[in-house]
Amino acid sequence: MDALFQPVSQLKGIGQKRAEALERLGILTPYDLLYHIPRSYLDYTHPVPILAAQPGESCVIRVQIARKMPPQYIRKGMTIFKAIATDGVSDITVTLYNNPYGFQALRLGEWYRMAGKMQGNLLRREISAPHVLADRAKEQIFPCYPMTTGISAQLLVQAVRQAVTLMQQQPFDWMPAKLRHAHDLLSLPEALEQVHFPENPGRMEQARRRLAFDELLQLQLGMLMRRADNHTRTAYAMASTVSLEPYYSGLPFSLTAGQKQAIREIVQDLCGDAPMNRLLQGDVGSGKTAVAAAACYFTIQNGMQCAMMAPTEILAVQHYHTMQQFLEPLGITVGLLTGSLRTKEKREIYAALADGTIQLIVGTHAIFQKEVSFQKLALVITDEQHRFGVAQRTQLADKGGCPHKLVMSATPIPRTLALMIYGDLDISILKELPKGRLPVQTFAVTGKLRQRAYGFIREQLQQGHQGYIVCPTIEEREESDLQAVEAYAENIRQTAFSDYRVGLLHGKMKAAEKEQIMHAFRSHELDLLVSTTVIEVGVDVPNATILLIENAERFGLSQLHQLRGRVGRGKEQSYCILMTDHVTEDCRARMQIMSRTSDGFQIAEADLQLRGPGDFFGQRQHGLPPLRVADLSHDTKLLEEVQTCAKEILQQDPELKQPEHRGLRLEVLRLFQRNGENGRN
Ligand code: ADP
Ligand code: MG
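Note that the structure is a prediction, hence the values are computed from the model and not measured.

Rules used throughout
Residues numbered from 1 in each chain as written. Chains lettered and ligands numbered in written order. Predicted model: local features only at pLDDT ≥ 70, side-chain atom pairs only at ≥ 80, totals over all residues. Heavy atoms only, no water. Helix = DSSP H or I, 4+ residues; strand = E, 2+ residues; numbered from the N terminus. Buried < 20%, exposed > 50% of the residue type's maximum accessible area, 1.4 Å probe, protein only. Areas by Shrake-Rupley, 256 points an atom, 1.4 Å probe, with all protein chains shown as cover. Lys, Arg positive; Asp, Glu negative; His and termini not counted. Charge placed at Lys NZ, Arg CZ, Asp CG, Glu CD. Phe/Tyr/Trp six-rings, centres within 6.5 Å; stacked < 30°, edge-to-face > 60°. Lys NZ or Arg CZ within 6 Å of the ring centre and 35° of its normal. Near = heavy atom within 4 Å. Polar contact = N/O pair within 3.5 Å; in protein donor to acceptor, adjacent residues only side chain to side chain. 1 Å grid on protein atoms, 1.4 Å probe; cavity = no way out; pocket = protein on both sides within 12 Å on 5 of 7 lines; lining within 4 Å. Sits in = over half its atoms within 2 Å of the grid points. Patch = residues over 30% accessible without salt bridge, like charges linked within 9 Å, V, L, I, M, F, W, Y side chains within 5 Å. Salt bridge = Lys/Arg side-chain N within 4 Å of Asp/Glu carboxyl O. Pairing = 2+ DSSP bridges. Disulfide = S-S within 2.5 Å. Core = buried A, V, L, I, M, F, W, Y, C linked by side-chain atoms within 4.5 Å. Domains from an automatic or database assignment. Contact = heavy atoms within 4.5 Å. Points joined across faces, edges and corners; volume = space filled by probe spheres on them. Nonpolar A, V, L, I, M, F, W, Y, C, P; charged D, E, K, R; others polar. Axes fitted to C-alpha atoms, helices over the stretch in contact; angles between N-to-C directions. Parallel < 35°, antiparallel > 145°, perpendicular 65-115°, else oblique. Left-handed = near helix turned anticlockwise from the far one by under 90°. Expected span 1.5 Å × (residues − 1).

A.B. asks: Can you walk me through the overall build of the protein chain in this structure?
C.D. replies: Helix and strand content of the protein chain: 22 helices and 22 strands. The proportion of buried residues among the 681 residues of the protein chain is 53%. Accessible surface, the protein chain: about 31,600 Å² in total, of which carbon and sulfur atoms supply 50%. Measuring between centres, the 76 positive side-chain charges of the protein chain sit 4 Å from its 73 negative side-chain charges.

Here it is, written out as structure tokens:
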């Protein structure tokens, strides 16, 4: 197996230059080459009749060379070679550019398979610069790899072939045979060979299944082991005798059963010896903040400090107000730390944190600054965690010995996926919304109904409610988008809403300006807020009952759901109008789902199906190591199988210390080292 871990430059055809090119692909050794998985395949196994191939589409045909024309010399540096070929029924012109050797190789009367884009029309078909394979070639499926400059596809294939040969000389498989049979998987050497050079599509699928299984299993094991490892650390243990009664009786509402349950779970963690690592998941409006405040109260009554981080300044300020409202009457000092504070203000806060005067600090990533130190930081809460990089979360965690961590997320994800992505966290779920909430009534309409929609909004405002109009911006930086919101606000101020107080909020405003507008809206000095998606996350104004979303087609389902969560936060019936003139199938499907259900889990499931996990989370936001083969949204069945398997393995061997798991342990470590940002801590 050693040969597999030598530098790639040991391989034939790979010198210094090419080794450097390979390094850009993350390939240092032949072993890495084995795991350089093809992006797709050139599959010659299913040729179609020439007439069956649609012009403009890629196809594979099987043809005999009938005639070769003399080369056409077009100009310096451009010679065209043409041949006429037939599949026995119809003819096709095969065109090669500047490729005398390729042309020479085509022999009259011989049969070939050709892959390329069909061109021409019904009468005269043509295929240009096709990939060509002798009809009788033994191998008919070829790998297409992610490429880089400095190395050709052909060389890469040759290098992979050498790596496969090296592996076959000393085959290895970390997976015990028993496990392999139980899950009906190919052996690793077979899988690694077949994934590069498959005998047929069926084998290729089997190979990918085995490799995806490995990847998911290693990921799941890694996450579960992290969780176990976390339990071995010591945390600030708190006293269970501290009573939450004063907090409960100060609240303007009574908590839901779900909120109480979550608080119990959190308090139990806080009183344990190991640091809490818990995810609080709850749909928009389910009342996560009140749960977080309870955790803070409990921690502070135990004589320790808390930090709460929000992804945006608007949200930080809002949380600050909420926390003040909940906790200051109980004698707790709450501070706010954001990037837009003056240096002097910041210094005061730093001092108050260091000496313990401030017991709860709410803020944005400004809390990470290295100047910030705490007297005794015991609890770190992050809201809407998928917006924070893992690295940032770790930084804050480093500010106290080993603080308890609570992560709040309104992104509902299907359970199997949650088990994978949050495999290292314990999960509390708020299933129900506070009593008396009515589901938001949602309508999708076209621009023709805009005036009626405005009329409807006016009715709501007339009744003393407030509303939002959201205009999309693809990029907050784009001037034209910005003008669009500004112009929009100006326009409705002068027309449909001239009798109302209309505010404007967008991401390009200064923090102070934003806060001023939000403050005015919260205190009902504004009736209607025209906004970009800066209000997407967390904004909480229960008196707002109507939301109009312009160009709704530009938003994904989960984002629409988040936006819709800005209304329906009080007792009154709320409404959401999705305005779109876009009538594609896909858009219609999304609008229908939104109108039909307000259940975040159902919406997330649908979103995942429509978009796949990359878009769903936003690339890399989940902080997992990059997966090469497995696809988290489509391999659900496999994921379930893997999760059972991982549990069984760990039950038997929690640290993968047994000899039969030694290889597996190495693979897990390797997976988590694949890139810098790996997992959470
Ligand atoms: P989210 O889970 O989306 O962060 P919030 O914590 O912002 O939700 O709560 C949404 C609204 O519901 C807030 O106005 C909050 O005061 C209110 N709320 C929270 N818990 C309850 C409850 N048990 N009963 C009534 N209202 C509640
Ligand atoms: Mg929230």
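A.B. asks: How should the packing of aromatic side chains be read in this particular structure?
C.D. replies: The relative placement of two aromatic rings is captured by the distance of their centres and the angle of their planes. Tallied over the entire structure, the rule returns 13 aromatic pairs. Ring geometry for Phe 497 versus Tyr 500: centroids 6.4 Å apart, planes at 65 degrees, classification edge-to-face. Like Tyr 500, Phe 497 is buried. A network of ring pairs unites the aromatic residues Tyr 247, Tyr 248, Phe 253, Tyr 297 and Phe 326 as a single cluster. The positively charged end of Lys 68 is found above the aromatic ring belonging to Phe 103, 4.6 Å away from the centroid.

A.B. asks: In this structure, what is going on with the site of ligand 1? I would like to understand it.
C.D. replies: As a structural note, the neighbourhood of ligand 1 is formed by 17 residues, with Gly 285, Lys 288, Thr 289, Arg 437 and Asp 540 the closest of them. Contact between ligand 1 and Ser 254: a nitrogen atom at 3.0 Å from a main-chain N or O atom of the residue. Taking Ser 286, its main chain carries an N or O atom lying 3.4 Å from an oxygen atom of ligand 1. In the complex, 86% of the free accessible area of ligand 1, which totals 570 Å², lies under the protein chains. For ligand 1, the cavity whose grid points lie within 2 Å of the majority of its atoms is the largest pocket.

A.B. asks: I would appreciate a short explanation of a nonpolar patch on the surface in the present structure.
C.D. replies: A cluster of nonpolar side chains, namely Leu 51, Val 89, Leu 122 and Leu 123, defines an oily patch on the protein surface of about 520 Å² accessible area. Structurally, the position occupied by Val 89 is in the loop between strand S4 (78-86) and strand S5 (91-97). Taking relative accessible area as the criterion, Val 89 reaches 72% and is therefore assigned exposed.

A.B. asks: Sorry, what's going on with the pairing of strand S15 (residues 404-409) here?
C.D. replies: Successive side chains on a regular strand alternate, one facing one side of the sheet and the next facing the other. The element S15 is largely enclosed, with a buried count of 6 among its 6 residues. Here S15 shows two buried faces, one formed by His 404, Leu 406 and Met 408 and the other by Lys 405, Val 407 and Ser 409. Examined bridge by bridge, strand S10 (residues 277-282) and S15 share 5 bridges and lie parallel to one another. Within S15, the residue paired with Gln 281 across the bridge is Ser 409.

A.B. asks: I'm lost on the state of the cysteines in this one. Help?
C.D. replies: A covalent bond bridging the sulfur atoms of two cysteines is what the word disulfide describes. Under the counting rule described, the total for this entry stands at 0 disulfides. Free cysteine: Cys 271, not disulfide-bonded; nearest cysteine sulfur from Cys 306 at 13 Å. Residue Cys 271 is classed as partly exposed on the basis of its relative accessible area, which comes to 22%. Free of any disulfide, Cys 296 has its nearest neighbouring cysteine sulfur in Cys 306, separated by 4.1 Å.

A.B. asks: Would you take a moment to explain the nonpolar core for this structure?
C.D. replies: One broad rule of soluble globular proteins: the nonpolar side chains tend to lie buried together. Core analysis: the biggest nonpolar cluster contains 72 residues, and Ile 14, Leu 33, Leu 211, Leu 217 and Leu 221 have the highest contact counts within it. Those elements that provide at least two residues to this core are helix H1 (16-24), helix H2 (30-34), helix H4 (153-169), helix H6 (188-196), helix H7 (201-230), helix H14 (415-421), helix H21 (636-652) and helix H22 (662-673). The element that contributes the greatest number of residues to this core is H7, accounting for 11 residues. Residues from two domains meet in this core; each of domain 1 (2-41 + 142-214) and domain 3 (245-430) gives at least three. Leaving out residues up to four positions away in the same chain, Leu 217 has contacts with Trp 174, Val 642, Cys 645, Ala 646 and Ile 649.

A.B. asks: Looking at this model, I keep getting lost on the pattern of salt bridges. Mind explaining?
C.D. replies: Side chains carrying opposite charge are able to pair once their charged atoms draw close together. In total, this model carries 23 salt bridges according to the counting rule given. The partner of Arg 180 in a salt bridge is Asp 173, and the shortest N-O contact between them spans 3.7 Å. Judged by relative accessible area, which is 17%, Arg 180 ranks as buried. Between Asp 586 and Arg 590 there is a salt bridge, with its nearest N and O atoms 3.0 Å apart.

A.B. asks: Is there a simple way to explain the layout of surface pockets in this structure?
C.D. replies: Any space left empty among the atoms is revealed by the rolling of a water-sized probe across them. Volume-wise, the largest pocket comes out at about 1,100 Å³. Within the residue set of the lining of the largest pocket, elements represented by two or more residues are helix H9 (257-270), helix H10 (288-301) and helix H11 (313-327). Tallied by class, the residues present in the lining of the largest pocket amount to 13 nonpolar, 15 polar and 11 charged. Of the residues that make up the lining of the largest pocket, three or more belong to each of domain 3 (245-430) and domain 4 (441-612).

A.B. asks: Sorry if this is basic, but what is going on with the packing of H7 against H21 here?
C.D. replies: When two helices pack together, their arrangement is captured by the angle between the axes and the distance separating the axes. Where H7 meets H21, the axes come as close as 9 Å, and the angle between the chain directions of the two elements is 50 degrees. What the angle tells us is that H7 and H21 run oblique. As for how H7 packs across H21, the hand of that crossing is right-handed. Residues Arg 209, Ala 212, Phe 213, Leu 216, Leu 217, Gln 220, Leu 221, Leu 224 and Met 225 of H7 form the contact with H21, whose own contacting residues are Leu 638, Leu 639, Glu 641, Val 642, Gln 643, Cys 645, Ala 646, Ile 649 and Leu 650. For the contact of H7 with H21, the class distribution of residues is 14 nonpolar, 2 polar and 2 charged.

A.B. asks: Would you explain helix H18 (residues 557-564) in this entry?
C.D. replies: Along an α-helix, a turn takes 3.6 residues, which lines up residues three or four apart on a common side. When you tally the buried positions in H18, you get 7 out of 8 residues, the bulk of the element. Taken residue by residue, H18 has Leu 557, Ser 558, Leu 560, His 561, Gln 562, Leu 563 and Arg 564 as its buried positions.

A.B. asks: Explanation requested: H10 in the structure shown.
C.D. replies: Over its 14 residues, H10 runs 20 Å from end to end, which matches the ideal 20 Å to within 8%, given 1.5 Å per residue. Listing the buried residues of H10 in full gives Lys 288, Ala 290, Val 291, Ala 292, Ala 293, Ala 294, Ala 295, Cys 296, Tyr 297, Phe 298, Thr 299 and Ile 300. Two residues or fewer after H10 comes Gly 303, characterised by a positive phi angle close to 85 degrees.

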